Every structure is written in structure tokens, then in C-alpha cells.
Amino acid sequence: MLPLDIKEEFVKIWDMALPYQDKRDDKGHARIVTEYAIKLCSIENAEDKIVVPAAILHDIGWSQLSKKDRFVIFRPDKTPEMEYAVRIKHQDEGVKLAEKILNKVGYPSIFLKSILEIISQHDTRKNFLSNEDGAMRDADKLWRYTKVGFDADLRSRECSFEFYYKRLEDFIGKENFFYFDSARDIAMKELMDRKEDCSDRIDIM
Ligand SMILES: [Fe+2]
Ligand SMILES: [Fe+2]
């Protein structure tokens, strides 16, 4: 795999966060979300000094939860309350750890509040706060549409290709799922590729 292509100002954050990344059988999540965050910043002219650190750090809070809690959301017997509780917990833990990392690398304090605010409700906020919030959270959702993310979710959720494909397709048109049309376009393109990946075994189209 090629090294992650990020600006020098974000390298220390990436390196410090690395031991806390991808804790839910989702190897590549942090990297793919960060790459899409960079791409959306350039397409949509969002402030990368906010979006990129938020993307790098958004899910490090999972590392502070027990293994049982980390995998609650994939359990077929989960209740909405159980899922909500762990999502809140990983956000709260993420904010604490992100603040420590940003302070340790001496990141400009003017951006801290916005970065931490995005992380604090990146999975549970109903609406979008800003272009930066939209860019980070769209990048997070785009992970599900990539081959790596799609395959990881199929494994964790134990559902069929057809079921999950349709679910992702429906999400694209859902209000308040994606913020930017550019993210919707990327998601559509990725889904076409997923269809290609499985063209020999699907008949859903
Ligand atoms: Fe998250
Ligand atoms: Fe995430």
C-alpha cells in the first residue's frame, strides 16, 4: 500500500493516533476516511485544517471501549438504546483522546474547538454544523462504499451482498445522510464498482 499522502502539518497527528485506529475489525477505516476527507476539502473548498484532523481522530475513542462494547452495533440482538450508548461513549472518549493528541503536537488552538465539536457527535448528530462537519462525516460514510469498507461491513453484519448493496443505495437518496452532492456522486461511482466486483454472482440489477 502506498504511504498516506497528507500534508506535513498532519503527519504528527496521524502518527500519534495510529495505535488507536481501526479497532472494530475495520482495517483501513482511518486511512480511507482521511483520504476522502482530503478529497472533499479540495472539491468543496472546506477548511482542511479542521476536516483532516477530525477525520484522522474521529474514531480513536473506540480504542477506549471494551471489545464487547466495540462490537455491540454488529450484534443482531442489539437494541437502539444499546447502539446509541456505545456510539455516545466512543464519541466522548474520542474527544478526550483527540484533545490530548492535538495539544501534544502543538496544533493551533484556534481550530481545536471546531475539530472536537465535529468528533463529539460525528455519529449521532442529526443535522450538519458546517461544510467542515459535512466533509468529515461524508468521508466517514463513504468508507462503506469502498471495496475495503463494503467487504468489512458484510463480514461484521453477516448479511448478503444484495441486502447490503440495496441498503447503501437507499442511503444515497436519504435526507441528511450525505451533505455534499459530490459525496453522493462518489458513492454512486463506488457502488457501480461494487457491482462490477460481484458481476459474476449477482442478479439484482
Ligand atoms: Fe464513529
Ligand atoms: Fe468512522
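The shown structure was predicted, so the numbers you read here are calculated from the model rather than taken from an experiment.

## Some points on the coordination of the iron ion (ligand 1)
Every protein donor of the iron ion (ligand 1) is listed here as Asp59 (OD), His90 (NE2), His122 (NE2) and Asp123 (OD), and their distances to the metal cover 2.1 to 2.6 Å. Written as a sequence motif, the donor residues of the iron ion (ligand 1) are D-x30-H-x31-H-D. Between the iron ion (ligand 1) and the iron ion (ligand 2), a separation of 4.0 Å is found, and both are coordinated by Asp59. Of the two residues, Asp59 is situated in the loop between α3 (48–57) and α4 (67–70) and His122 in the loop between α6 (112–120) and α7 (131–142); the sequence distance between them amounts to 63 residues. For the pair Asp59 and His122, one class covers both residues: buried.

## Overview of the coordination of the iron ion (ligand 2)
Summarising the metal site, the iron ion (ligand 2) is bound by the protein donors His29 (NE2), His58 (NE2), Asp59 (OD) and Asp140 (OD), whose distances to it range over 2.1 to 2.3 Å. The site at the iron ion (ligand 2) holds four donor atoms, and with the angles between them running 85 to 178 degrees, its shape is irregular. In primary sequence terms, the donor set of the iron ion (ligand 2) follows H-x28-H-D-x80-D. For His29, a relative accessible area of 4% corresponds to the buried category. On the basis of relative accessibility, which here comes to 10%, the residue Asp140 falls in the buried class.

## Some details on the packing of aromatic side chains
If you walk through the whole model with that rule in mind, you get ten aromatic pairs. With a centroid separation of 6.2 Å and 45 degrees between ring planes, the pair formed by Phe71 and Phe74 is classed as tilted. In this structure Phe74 comes out as buried when scored by relative accessible area, which is 13%. Ring geometry for Tyr107 versus Phe111: centroids 6.2 Å apart, planes at 50 degrees, classification tilted. Through pairs of rings, three or more aromatic residues link up here, namely Tyr145, Phe171, Phe177 and Phe178.

## A closer look at the nonpolar core
Among the nonpolar cores identified, the biggest contains 58 residues, and Leu57, Tyr107 and Tyr145 are the most heavily contacted of them. Core analysis: the second largest hydrophobic core is formed by six residues, Trp62, Val72, Ile73 and Val86 among them.

The rules behind each value
Every residue gets a number counted from 1 within its own chain, in the order that chain's sequence is written. In the order they appear in the text, chains get letters beginning with A and ligands get numbers beginning with 1. The predicted origin of the model limits local features to residues at a pLDDT of at least 70 and limits the giving and counting of side-chain atom pairs to 80 or more, whereas totals for whole chains, interfaces and linings rest on all residues. To obtain the side-chain values, all non-hydrogen atoms of the structure were included, while hydrogens and water were left out. For Na, K and Ca the donor cutoff is 3.2 Å, while for all other metals N, O and S atoms count as donors only within 2.8 Å; water does not appear among the atoms, so some sites may look incomplete. A run of H or I in DSSP becomes a helix once it reaches four residues, and a run of E becomes a strand once it reaches two; helices and strands are each numbered from the N terminus. When accessible area is computed with a 1.4 Å probe and restricted to protein chains, residues below 20% of their type maximum are described as buried, those above 50% as exposed, and intermediate ones as partly exposed. Working rule for geometry: tetrahedral if four donors all subtend angles between 85 and 135 degrees; square planar for four, octahedral for six, if opposite donors exceed 155 degrees and the others stay between 65 and 115; irregular in every other situation. Here is the rule: rings of Phe, Tyr and Trp (six-membered ring for Trp) pair when centre to centre is within 6.5 Å. Planes less than 30 degrees apart are stacked, more than 60 are edge-to-face, and the remainder are tilted. What is meant by a nonpolar core is a set of buried Ala, Val, Leu, Ile, Met, Phe, Trp, Tyr and Cys residues, joined one to another through side-chain atoms within 4.5 Å.

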